[in-house]
Amino acid sequence: MKTERIDKLLAAGKGDFRTDEGDQARIYTIEDSGFGWKIVGVAYVDHLIANKTQMQISFLLWGAVCFVVAFMMSVFLSRRLSRPILQLQERMKEVEKGNFDIQVPVGNTREIGRLARTFNLMVGRIKELMAQVVEEQEFKRKTELSALQAQINPHFLYNTLDSIIWMAESKKSEEVVLMTSALSKLFRASISKGEELVPIRNEMEHIFNYLTIQKIRYRDKLEFHIDTDPDILHFQTLKIVLQPIVENAIYHGIKNKYGVGVIRITGEKRDGEIRLQVIDNGVGMEPEQAKRC
């Protein structure tokens with residue numbers, strides 16, 4: 001039988017106190033009933049903590065379970081929040097590469113959804129602006145090309161007509177017919193149908209007529225040769241693309257040359273590309289001037 005500390009209980013008033021007696025340590029609670037009786041409650045400390053080891057193990061287990069659950073929830077939430085950001089990052093990389101035909105999925109997250117919608121609007125606007133710039137540049141290029149193709153050098157026309165008049169006065173009817181015919185074909189090629197691209201065959205015919213006029217004008221000072229691969233004559237090229245180059249070769253290369261100047265025009269297919277060349281044996285230019293060009 002357990003014995004209690006009656007002496008201390010009788011001396012103690014209302015309240016609670018603890019006795020330290022090793023394994024017999026106790027906690028007393030005293031209440032006064034008001035009828036001359038004291039109600040005493042006693043609890044042995046070793047009974048209260050008898051399952052201390054089990055409680056510690058339980059706390060450790062529950063702590064581990066809570067940690068694992070918290071870790072899994074944090075990973076889940078982190079991935080759920082970071083996935084839209086990673087998708088947005090991947091789309092941005094595609095835009096950096098020049099791909100504007102992409103859209104970012106708009107998620108449920110308010111901030112990420114707003115960012116995705118803003119990004120989609122930005123990409124769409126950039127695409128529209130790029131298309132507009134391309135269209136404007138294409139229109140500008142066609143306009144400039146049309147203006148260049150439609151341009152008639154008044155000086156060239158004046159000299160040609162002057163040469164025709166001189167040959168007519170000299171009774172050189174064959175040369176007059178040849179030069180007039182070449183000039184007519186030259187102008188017809190310049191204004192025909194308003195097409196931007198023509199077969200290489202037509203371009204070579206046009207440059208032949210132009211050089212024919214120039215050869216008659218410069219008499220024995222100019223010779224020319226046209227050597228074109230027949231297999232490329234059906235391919236398309238810009239209209240009147242060779243005339244400005246040949247004109248520069250005559251006025252800057254051969255006009256000031258002593259002796260006969262020769263212009264050679266070649267056309268061939270090399271390494272999957274069509275190459276048209278204008279070669280002359282004119283006075284040339286200094287290396288410094290060539291570098292500036």
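Everything that follows concerns the structure shown earlier in this document.
Report on the accompanying structure. Positions within a chain are numbered from 1, following the residues in the order the chain's sequence is written. For a predicted model such as this one, the threshold for reporting local features is a pLDDT of at least 70, and the threshold for listing and counting side-chain atom pairs is 80 or more; totals across whole chains, interfaces and linings nevertheless cover every residue. Side-chain measures were taken over the full set of non-hydrogen atoms in the model, leaving aside hydrogen atoms and water.

Before going further, it helps to examine the sheet that holds strand 2 (residues 26–32). The antiparallel open sheet is built from three strands, whose spatial order is 1-2-3. Where the open sheet ends on each side, the last strands, each with one partner, are strand 1 (15–19) and strand 3 (38–44). Shown here is a sheet whose adjacent strand axes are inclined to one another by a mean of 20 degrees, direction ignored. Pairing analysis gives five bridges linking strand 1 to strand 2, with the strands arranged antiparallel. Each residue of the ladder has a partner; that of Gly15, found in strand 2, is Ile30. Pairing between strands is defined by DSSP: at least two bridges between the two strands are required. To qualify as a helix, a DSSP run of H or I must reach at least 4 residues; to qualify as a strand, a run of E must reach at least 2; elements of each kind are numbered from the N terminus. Here the axes come from fitting lines to C-alpha atoms, over the contacting stretch only for helices, and the angles between their N-to-C directions go from 0 to 180 degrees.

It is worth spelling out the sheet that holds strand 7 (residues 261–270) at this point. Taken together, three strands build an open sheet; the order of strands is 5-7-8 and the sheet is mixed. Looking at which strands have only one partner, the edges of the open sheet turn out to be strand 5 (222–228) and strand 8 (273–280). The mean inter-strand angle of the sheet, taken between neighbouring strand axes irrespective of direction, is 10 degrees. The sheet contact formed by strand 7 and strand 8 spans eight bridges and is antiparallel. When the sheet's bridge partners are listed, Arg264 is paired in strand 8 with Ile279. Contacts from helix 7 (residues 200–218) reach strand 5, strand 7 and strand 8 within the one sheet, and its direction differs from that of strand 5 by about 170 degrees. Any two residues whose heavy atoms approach within 4.5 Å are treated as being in contact.

Time to look at the nonpolar core. Remark: nonpolar core denotes a set of buried residues (Ala, Val, Leu, Ile, Met, Phe, Trp, Tyr, Cys) joined through side-chain atoms within 4.5 Å. Burial here depends on accessible area, computed with a 1.4 Å probe over protein chains only, as a share of the maximum for the residue type. Under 20% is buried, over 50% is exposed, and the range in between is partly exposed. Grouped together as the largest cluster of nonpolar side chains are 27 residues, with contacts concentrated most on Ile207, Leu211, Val246, Ile250, Ile263 and Ile265. Contributing elements (two or more residues each) for this core: helix 5 (154–169), helix 6 (173–191), helix 7, strand 5, helix 8 (243–254) and strand 7. In this structure Ile265 touches Met204, Ile207, Leu211, His225, Ile226, Asp227, Leu242, Val246, Gln277 and Val278, once residues within four positions along its chain are discounted.

Taken by themselves, the reported measurements are silent on function.
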